[in-house]
Amino acid sequence: MTTCFNTSFNTFNLERFPQQKNHNLQAWDAADQYLLEHLYEQHTELKNKNILIFNDAFGALTLSLLEYHPCAVNDSIISQKAIIENISSNQLDIKKVDLLNSLSKYKTTYDYVIIKTPKTLDYLRYFIGSITHHIHSNTQIIVAGMVKNMPKVIWSILEEKIGETNTSLAKKKARLIFVKSEMKPNKPSPVQTFAQENTKFKIFNHVNVFSKQSLDIGTRFLLQNLPKLSGINNVVDLGCGNGVVGLNLAVLYPKAKVTFTDESYMAVASAKLTCEFNVKSLENCQFLVNNCLDDFAPNSVDLIVCNPPFHQSHSIGTHIALQMFKQSHKTLNKGGTFLVVANRHLPYYSHLKRIFGKVNNLAGNAKFSIYSMTK
Ligand code: SAM
C-alpha cells in the first residue's frame, strides 16, 4: 500500500492515524486530489491569503497547503494527531499550521474555506453557522467529497445557508462544489438535550455527538445492566459521547473518580455539560479529549465501561475497538473489570477472550451482548 502522496503542490509520505498494520486504506482520497488540483491552478493567488480547512482527516490538504499557513479545524483529536505526526515525519514546520477544534473561536476572516464533507450533516450546518462572521463576499468556498458521501441534501444546506452552488464533473468518483459567498446570516446550531428515561437526568449533546437525539439502544441495555461492584475507586467511561454512561457510573459509585474520555471535542464538551447539570459537584469528574487510553498509566483503573465505535469518519472497522480493548487490559488494575456492550454480529468475543483470557456474558438480548472481563 502506497503512502506517497503526490500532487502538484508537493510530494510527501502520508499515514493514517492510529497506524494499523496490514490495512489497505490510504490517508487521502480522490476528493483531496481533485481539490488540490483545482487549487493549484490558482496557486499564485494563494500567497498571503487566509485559508481555513475543515475536516481534513489525516493532513492531505493541510500538508499540501502548509506554505500558506492554513488554519485546520477538526472535531477529532485523531485527525489533529495525524496532521501533527505527518507534518513532523515529513520534516515540515508544525508552526505553519494553526490547529483549531470544532468549538474554537475563529480569530480572523478567511479568503478560502475548504470543506471536506463530514459524516454528520448537522455538523456541516454547525460549521457553516460558526464561520458566518469570518467570511467575506469574495471568500472562495469549496466543498470536496466522494460522491457516495454526498447526499443531495448537502446542496440544499449550502444554498440555504451560504449561497448559489456550482458543481464540478465527477472525477474518480469525487466532486467539488463551489459555493458563492452570499453572506447570509447564520448561527451555529445549539446544543440539544434529551431526558434519560426513568431518571431525572438531562443529557446534553453538541451536534457531532453519537445518538444525540435519544438514548442509543445498546447504551440503554448497558445502563439496565450496570453491576454494583465493590472496591471501585477509579472509573473510566471510554468513548463517552454525551457522557450518559459515565453519569450513571458516577451515581452508582459516588465516591469514585470518573474520567470521561473521547476523541471528539464535542463529545467531551457534551459530557461536561451533562455532568454540570446533573451532578452536585464535579470534584470527582475528569474530562479528557484523547485517542482511546493513550498515556493512561498502566494498572491505574478499577472499572472501564465502553460502548465501542465501529467507524472512524466515513470508514467502518473494528480497529479502534480493538485498540480500546488492548489498552483497557493494560490500564486496569489487577482484579479490575472491563465492561463492553456489543452488537451481537460484531466479532468482539474472540478478541476479548484472546486479550483477557476469560469473557463472561453478563447479559444478552436479541441484538446485544454485555461482556464482562476481569484482569
Ligand atoms: N458512550 C456513548 C454512548 O453510549 O452513548 C457513546 C458511544 S459511541 C458508540 C462510541 C464513542 O467512541 C463515540 O462517542 C466516539 O466519538 C468515540 N470514539 C471513537 N473513536 C475513539 C477513539 N479513538 N478514542 C476515544 N473515543 C473514540
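Attention here is on the structure that accompanies the text. The structure presented is a predicted model; accordingly, all values stated were derived computationally and were not measured. Numbering of residues starts from 1 in each chain and follows the order in which that chain's sequence is written. Reporting of local features is limited, given that this is a predicted model, to residues whose pLDDT is at least 70; pairs of side-chain atoms are given and counted only at 80 or more, and all residues count toward the totals for whole chains, interfaces and linings. Values reported for side chains reflect all heavy atoms of the structure, with hydrogen atoms and water molecules removed beforehand.

A closer look at the sheet that holds strand E6 (residues 110-116)
Let me state the cut-off plainly: A pair of strands counts as paired when DSSP detects no fewer than two bridges linking them. Runs of H or I in DSSP of at least four residues are treated as helices and runs of E of at least two as strands, each being numbered from the N terminus. In this description, a line fitted to the C-alpha atoms serves as the axis of each element, helices being fitted only across the stretch in contact, and the angle between N-to-C directions of two axes falls anywhere from 0 to 180 degrees.
In space, the seven strands of this open sheet follow the order E5-E4-E3-E6-E7-E9-E8, with mixed pairing throughout. Each having just a single partner strand, strand E5 (98-101) and strand E8 (165-167) make up the two edges of the open sheet. Looking at each pair of strands side by side, their axes are set apart by 20° on average, direction ignored. With three bridges connecting them, E8 and strand E9 (residues 174-179) associate as antiparallel partners. Residue pairing in the sheet places threonine 167 in a bridge with isoleucine 177 of E9.

Things to note about the sheet that holds strand E15 (residues 301-306)
Note the threshold: Pairs of residues are marked as contacts when any of their non-hydrogen atoms sit within 4.5 Å.
Read from one edge of the open sheet, seven strands run E14-E13-E12-E15-E18-E20-E19, paired in mixed fashion. A strand with exactly one partner marks an edge of an open sheet, and here the two such strands are strand E14 (285-289) and strand E19 (360-364). Geometrically, the sheet is characterised by an average inter-axis angle of 15° between neighbouring strands, direction not taken into account. One ladder, built from five bridges, connects strand E13 (residues 257-262) with E14; its direction is parallel. Within E14, the residue paired with threonine 259 across the bridge is glutamine 286. Against the sheet, helix H7 (residues 244-252) engages strand E12 (234-238), E13 and E15, with an angle of about 175° to E13.

Observations regarding helix H8 (residues 265-278)
Cut-off, in case you're wondering: Given the number of residues in a helix, its expected span is that number minus one, multiplied by 1.5 Å. What qualifies as a polar contact is a pair of N or O atoms within 3.5 Å, subject to a donor-acceptor requirement within protein and to the restriction that residues adjacent in sequence count only when both atoms come from side chains.
Over its 14 residues, H8 runs 20 Å from end to end, which matches the ideal 20 Å to within 8%, given 1.5 Å per residue. The N-terminus of H8 is capped by serine 264, whose side-chain oxygen sits 3.2 Å from the backbone nitrogen of methionine 266.

Some thoughts on the site of the ligand
Stated formally: The near set for a molecule or strand comprises every residue that places at least one heavy atom within 4 Å of it. Here, Shrake-Rupley sampling with a 1.4 Å probe gives the accessible areas, and only protein chains in the shown set may cover a residue. Side-chain classes are defined by residue name, with Ala, Val, Leu, Ile, Met, Phe, Trp, Tyr, Cys and Pro counting as nonpolar, Asp, Glu, Lys and Arg as charged, and the others, Gly among them, as polar.
In the neighbourhood of the ligand, 17 residues make up the surrounding shell, with Thr219, Gly239, Asp262, Asn291 and Cys292 lying closest. Here glycine 239 contributes a backbone N or O atom positioned 2.8 Å from a nitrogen atom of the ligand. Compared with its free state, where it exposes 600 Å², the ligand has 92% of that area covered by protein. For the shell around the ligand, a count of residues per class yields nine nonpolar, six polar and two charged.

Some words on helix H10 (residues 348-356)
Here is the rule: Any residue under 20% of the maximum accessible area for its type is buried, any over 50% is exposed, and the rest in between are partly exposed; the area is computed with a 1.4 Å probe on protein chains only. Taken from the helix axis, the directions to the C-beta atoms give the arc we talk about.
Those residues of H10 that sit buried are Tyr348, His351, Leu352, Ile355 and Phe356. Angularly, the buried residues of H10 cover 110° about the axis, an arc narrow enough to put them on a single face. Once H10 finishes, glycine 357 follows within two positions and takes phi at roughly 90°, a positive value.

So, the side chain of threonine 337
Residue placement: threonine 337 occurs in strand E18 (residues 332-343). Excluding residues that lie within four positions of it along the chain, threonine 337 makes contacts with Leu229, Asp302, Leu303, Ile304, Leu332, Ser372 and Met373.

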